[in-house]
Amino acid sequence: MLYRVEGIVIRSMDYGEGNKIITLCTKSHGKTGVLVRGAKKVRSRHAAATQLFTYGEYIYFKGMGHIGTLNGCEILESHHPLREQLHLAAYASYAVELVDRGLQDEEAGGYMFEQLLAYLQALKDGKDEQVLTHLFEMKLCQSVGVAPVLDTCVICGQAEDLVNFGWRLGGAICSRCRVREHAKYMAPVSVLKLMTLFAKTDLRRVGNIAVKPETKAHLRACMRGYMDTHVGVRCKSLNFIEQMEKYDLAAHQEHVQREERQDE
């Protein structure tokens, strides 16, 4: 059967001497694998269609129980800047790996396709990478049914006087119950407010969210703990992001790019 789908390349791997297999997050058919014959050849007309983060309209043939074979592709957005800038490539790689490993085939369509596409565009537009990534993580948690409890205390259920976010327990904690959780598993109320905002925000309509450095540090620790505990998917690309954050490589690259623009 011949399929025509809008898709984003979330994984690309070599197959044989000259071929590639790509995994698409599609708008209508979830995740799907497609064989691209001759994609590694220098003059291949489909080479660009196999690049990570590429968004396009893919036409492929797929038999019963077999992987699809690409017939043609119209690239709608290459997202080339995300591949040529180190820190953007790191965050984008994490997002597509999270979709690939964290979502079942049917969960990757529709809503999450739209959220991923909006996330990649927002990265390209220069919005805060860390905040965007944590917002995307929230959308994924909501899709897989492990969204945090934010409007009531996760321990006692009351809705008043919520003062912390407990990432191990997975939700807000009130002032009366905070003694029942260790401090190292809790984030301050500023993070709880951000998490509540993230839960209500669609990436397709996200603006610039200004977050203080101290709050961003708390948010990072909180979301890493929450994702490890409740999603349980440890992405390889996250290791590189952590190294960037450790040595502040992203800030250094942004400084270099600003100097290059001034020289021009």
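This write-up is about the structure you can find in this document. Because the structure is a prediction, the values reported are computed rather than measured. (Residues numbered from 1 in each chain as written. Predicted model: local features only at pLDDT ≥ 70, side-chain atom pairs only at ≥ 80, totals over all residues. Heavy atoms only, no water.)

**Details of the overall build of the protein chain**
Reasoning step 1: What the protein chain contains, in helices and strands, is eight helices and nine strands.
Reasoning step 2: Taken over the C-alpha trace, the protein chain has a radius of gyration of 20 Å; the compact-globule value for 264 residues is 18 Å, and the two agree within 12%.
Reasoning step 3: A principal-axis box enclosing the C-alpha atoms of the protein chain has dimensions of 65 × 55 × 30 Å.
Reasoning step 4: A buried classification covers 49% of the 264 residues belonging to the protein chain.
Reasoning step 5: Averaged over its 34 positive side-chain charges, the protein chain has a centre that lies 4 Å from the centre of its 32 negative ones. (Helix = DSSP H or I, 4+ residues; strand = E, 2+ residues; numbered from the N terminus. Rg over C-alpha atoms; globule rule 2.2 N^0.38 Å. Buried < 20%, exposed > 50% of the residue type's maximum accessible area, 1.4 Å probe, protein only. Lys, Arg positive; Asp, Glu negative; His and termini not counted. Charge placed at Lys NZ, Arg CZ, Asp CG, Glu CD.)

**Some words on the sheet that holds strand β1 (residues 2-15)**
Reasoning step 1: Reading around the barrel, the five strands line up as β1-β2-β3-β5-β4 and close back on themselves, with mixed pairing between neighbours. Shown here is a sheet whose adjacent strand axes are inclined to one another by a mean of 50°, direction ignored.
Reasoning step 2: Strands β1, β2 (19-26) and β3 (31-36) of the sheet are contacted by helix α2 (residues 86-102), whose axis makes an angle of about 105° with β1.
Reasoning step 3: The strands touched by helix α3 (residues 111-124) are β1, β2, β4 (55-61) and β5 (68-77); relative to β1, the strand with the most contacts, the crossing angle is about 60°. (Pairing = 2+ DSSP bridges. Axes fitted to C-alpha atoms, helices over the stretch in contact; angles between N-to-C directions. Contact = heavy atoms within 4.5 Å.)

**Some points on the environment of Phe136**
Reasoning step 1: Summarising the element assignment, Phe136 is placed in helix α4 (residues 129-144).
Reasoning step 2: Phe136 has contacts with Ala95, Val99, Met112, Gln115, Leu116, Tyr119 and Leu203, leaving out every residue within four places of it along the chain.

**What about the packing of α2 against α3?**
Reasoning step 1: Where α2 contacts α3, the axes come no closer than 10 Å and their chain directions differ by 175°. Taken together, α2 and α3 sit at an angle that is classed as roughly antiparallel. Contacts between α2 and α3 pair Leu88, Tyr91, Ala92, Ala95, Val96 and Val99 from the former with Leu116, Tyr119, Leu120 and Leu123 from the latter.
Reasoning step 2: Residue composition of the contact of α2 with α3, by class: ten nonpolar, no polar and no charged. (Parallel < 35°, antiparallel > 145°, perpendicular 65-115°, else oblique. Nonpolar A, V, L, I, M, F, W, Y, C, P; charged D, E, K, R; others polar.)

**So, the pairing of β2**
Reasoning step 1: Of all eight residues in β2, eight are buried; the element is thus mostly enclosed.
Reasoning step 2: Alternating positions in β2 separate into two faces, Asn19, Ile21, Thr23 and Cys25 on one and Lys20, Ile22, Leu24 and Thr26 on the other, with burial throughout.
Reasoning step 3: As paired strands, β1 and β2 are joined by eight bridges and run antiparallel to one another. Within β2, the position partnered with Tyr15 by the bridge is Asn19.
Reasoning step 4: Joining the antiparallel neighbours β1 and β2 is a turn of three residues, in which Gly16 adopts a positive phi near 75°.

**Some remarks on the pattern of salt bridges**
Reasoning step 1: The final tally for this structure, using the stated rule, is 16 salt bridges.
Reasoning step 2: Of the charged contacts, one joins Glu114 and Lys27 as a salt bridge, the two residues approaching to 3.5 Å between their closest N and O atoms. Residue Glu114 is located in helix α3, and its partner Lys27 is located in the loop between β2 and β3; the two are separated by 87 residues in the primary sequence.
Reasoning step 3: What makes Glu114 buried here is its relative accessible area of 19%.
Reasoning step 4: For Lys216, the salt bridge identified is with Asp128, shortest N-O distance 2.7 Å. Remark: Asp128 occurs in the loop between α3 and α4 and Lys216 occurs in helix α6 (residues 213-231); sequence separation between them is 88 residues.
Reasoning step 5: Classification of Lys216 by relative accessible area gives buried; the value is 17%. (Salt bridge = Lys/Arg side-chain N within 4 Å of Asp/Glu carboxyl O.)

**What about the sheet that holds strand β6 (residues 149-153)?**
Reasoning step 1: Here four strands make up an open sheet; going across it, the order is β6-β8-β7-β9 and the pairing mixed. Across the chains shown, the open sheet's two edge strands, defined by having one partner strand only, are β6 and β9 (186-187).
Reasoning step 2: Here strand β7 (residues 162-166) runs beside β9; their pairing, made up of two bridges, is antiparallel. Residue pairing across strands places Phe165 opposite Ala187, the latter belonging to β9.
Reasoning step 3: Strands β6, β7, β8 (171-174) and β9 of the sheet are contacted by helix α5 (residues 189-200), whose axis makes an angle of about 75° with β7.

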